[in-house]
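# Commentary on secondary and tertiary structure
One letter stands for each residue in the lines below.
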Amino acid sequence: MLAKIFAQLVTTAVVVVAAVMLFSGNSSAAQNTSQLEIFFTDKDNNLKTASLADEKWGIDTVDNPGGAVGTSLSVVLDNQGASHLSYRDSRPGKAEYQQSDLRYATNSSGTWQDEEAFGTDGRIGANAIVVDAQGHVHIIFNHYPANDPSNGELLYANNSTGDWQVEEVSQSALINSGNIGIDASGLLHTVYQHNQQLVYSKRTGSNQWTSEVITSFGSRLPHVAFALDSDGQPQVAIVLQDENKLKFAKRGGDSWSIEDVTSWTNGGDQHVYLGLDTNDKAHLALTTGPGNGRGPHYITKSGNQWLIESVGAFITEPSYLSLGVTTDDTVHLTFATAYDNSPQLDSDRPLHYARRVDNQWIVDQVHEEGTVLRGRFPVMVTSGASPVLPDCFARTLGLYCANDPSPVTNPNVDNTSSSNEVSSGDNGGGGDSGGGGGGGGGNGGESTPAPVAKPRVLGIQTVKVSAADKAAPDFIPNQQVPVIVARLFQEVFGRLITPAESTYWKGRARSDKATETKLRGAMAWHQANGSTGAMASVVTAVNAPASTTNIISNKQVPAVVEQVFAKVFHLRVSAILSTYWKGRARTDKRTKSLLEGAMRWYQGKGLTSPTS
């Protein structure tokens, strides 16, 4: 029975991605780049990576020895943005899950290099990896000796001397993938399970570990996610399988506080994932939800209350979740699913990436040249600002592509309603029709376009950077956008940029203001007209009409925006677009005529807002 429990545990990929931000060493280096990578094992047992850059997914092979690699995978980024992986390796001649070694891979040299970190006649289970400020790799892993495969031991390996050194942490102990951290002093921290107790342990020297018990559990092994906060204190999310409860434990001083998060009544095998933002706020995800509802569920705390929301209600069988938080505090998820009626095989499930934008989830299938990637054990690492989503978005009603507005519909979902649509892009501000702008527009007439055929999809397109902008000497590369936006904003407005303003201007820099000249000109226009771009910072109405008799009152704005938007686009306005157009109605487009004219200007360009 114990061997069976061990086998179930080691096939589960539980990853804590917060370590990517907390242990990157040079924090400025992490913040100046935008990086998103998803590592997964394909149906042929090759370990691959899908990276998001310039709005496209690029695929690369990490390891393909002909055997089974990439299961029990743990990944971390170093302070230079290089990826480091530890994983179970069953090369030819070894049976997957029965015989395996611990393998390590990195692309720090510019190409993928892999090596054996620990060879054994037994097998490797779950493992967790971190990289210290000096670039040394530290891995904690479960090992099951060939002569006693039912009794696992917890081992620790590092390459600080140039060769791999291994020491024992504990006998009969189990770790979840990702449960490792390193603090500012270089001390290792971990959480593991031992004798029906959840133990927190810290390495204070060679072969020296101090330990303390967090809580006890029943006969079923809990699923655990772990992260260190900015003070080097641990936070732990715990699924107690016997009690059907999710708990959250936090260490302060020398004591632990534990609170209930949620519970469910109909059992099921729940897995939990945890990341911390820049304020040490915890963000959690469950593979399904309380009561095993559809889709992965996202959980965070507001005040004293834990809030739970679904991520893609159309998902029927989410598995192998991974959660990350970028330095702009955007929450990201990746997972494999079977929602498109694919065969019920782990290796043939479509891969998904989701990010939380303005309290809504945008879900994207991971594509390579139009083909949906499939695999198992997807693990995500993130750093820097939130990456720009590619052209294709899997919304709650199906898959939509900017260059092909016809949807690839989900057969399990009614596609006749658009009530659950979510929009991509950043919130916009007042138009910039001069000084480097070009965004206002007058009344485009009263003619009504032909109705859009069902399914009524939003069909928002991503604004493409022009070829002329890309060829310009002052073109802003994607990875330099956050830095250049912050610099230009300070030069134009004379102060540091706020997060809301940064979000807006980064969106413009990646779309219609892709050169420093254009971006500076647009900022100068806003500065001259009493705006900074982001809606929260608009304090005065600009371009106010000479006559005030037709001005839309503040109370009328929501209804008028919904009415005019439906008239122009023949669609129901989404929450994000409503926020944008309500801002315009309260600033520079303060009459129905002006508002409709601006909408028709964007409608003529196939858009619904500057950043759509």
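Fair warning: this is a prediction, and the values are worked out from it, not measured in the lab.

Right, let's talk about the packing of helix α8 (residues 557-569) against helix α10 (residues 592-604) for a bit. At a minimum axis distance of 10 Å, the contact between α8 and α10 shows a crossing angle of 40 degrees. In terms of their interaxial angle, α8 and α10 are classed as oblique. Seen along the crossing, α8 lies across α10 with a hand that is right-handed. Within the contact between the two elements, α8 uses V560, V561, Q563, V564, F565, K567, V568 and F569 and α10 uses K592, L595, E596, M599, R600 and Q603. Among the residues making up the contact of α8 with α10, the classes are represented as eight nonpolar, two polar and four charged.

Another point: the pairing of strand β2 (residues 47-53). Pairing of strand β1 (residues 35-41) with β2, which is carried by five bridges, proceeds in the antiparallel orientation. Paired with E37 across the strands is S51, a residue of β2. Connecting the antiparallel pair β1 and β2 is a turn made up of five residues, with N45 showing a positive phi of about 65 degrees. Summarising the sheet, β2 and strand β3 (residues 56-63) pair through seven bridges and their orientation is antiparallel. Paired with K48 across the bridge in β3 is T61.

Turning our attention to the sheet that holds strand β19 (residues 255-263). Strand order in the open sheet formed by four strands is β16-β17-β18-β19, and the pairing between neighbours is antiparallel. Strands with a single pairing partner mark the edges of an open sheet, and in this sheet they are β16 (223-228) and β19. Averaged over neighbouring strand pairs, the angle between their axes works out to 15 degrees when direction is ignored. Alignment of strand β17 (residues 234-240) against strand β18 (residues 245-252), held across six bridges, turns out to be antiparallel. Residue pairing in the sheet places L240 in a bridge with K245 of β18.

Our focus in this paragraph is the pattern of salt bridges. Evaluated as defined, the whole model comprises 17 salt bridges. R103 serves as the salt-bridge partner of D114, at 2.8 Å between the closest nitrogen and oxygen. One end of the pair, D114, is in strand β7 (residues 113-118); the other, R103, is in strand β6 (residues 101-106), and 11 residues separate them in sequence. Here the salt bridges share partners, and the residues they tie into one network are D63, D89, R103 and D114.

Rules and cut-offs
The written sequence of each chain sets the order in which its residues are numbered from 1. Under the rules for a predicted model, residues below a pLDDT of 70 receive no local features and side-chain atom pairs below 80 are neither given nor counted, while totals for whole chains, interfaces and linings still include all residues. For side-chain calculations, the full set of non-hydrogen atoms in the structure is used, while hydrogens and water are omitted. Note on geometry: axes are C-alpha line fits, over the in-contact stretch for helices, and angles between N-to-C directions span 0 to 180 degrees. Strands here mean DSSP runs of E at least two residues long; helices mean DSSP runs of H or I at least four residues long; both are numbered from the N terminus. An angle counts as roughly parallel when it lies under 35 degrees, as roughly antiparallel when it exceeds 145, as roughly perpendicular when it falls between 65 and 115, and as oblique in every other case. When the near helix sits turned anticlockwise from the far one by under a right angle, the crossing is termed left-handed; a clockwise turn instead gives a right-handed crossing. A contact between two residues is defined here by any heavy atoms of the two lying within 4.5 Å. Just so you know the grouping, Ala, Val, Leu, Ile, Met, Phe, Trp, Tyr, Cys and Pro go in nonpolar, Asp, Glu, Lys and Arg go in charged, and all remaining residues, Gly too, go in polar. If DSSP finds at least two bridges between two strands, the strands pair. Whenever Lys or Arg places a side-chain nitrogen within 4 Å of a carboxyl oxygen from Asp or Glu, that contact is recorded as a salt bridge.

No statement about biological role is implied by the geometric values presented.
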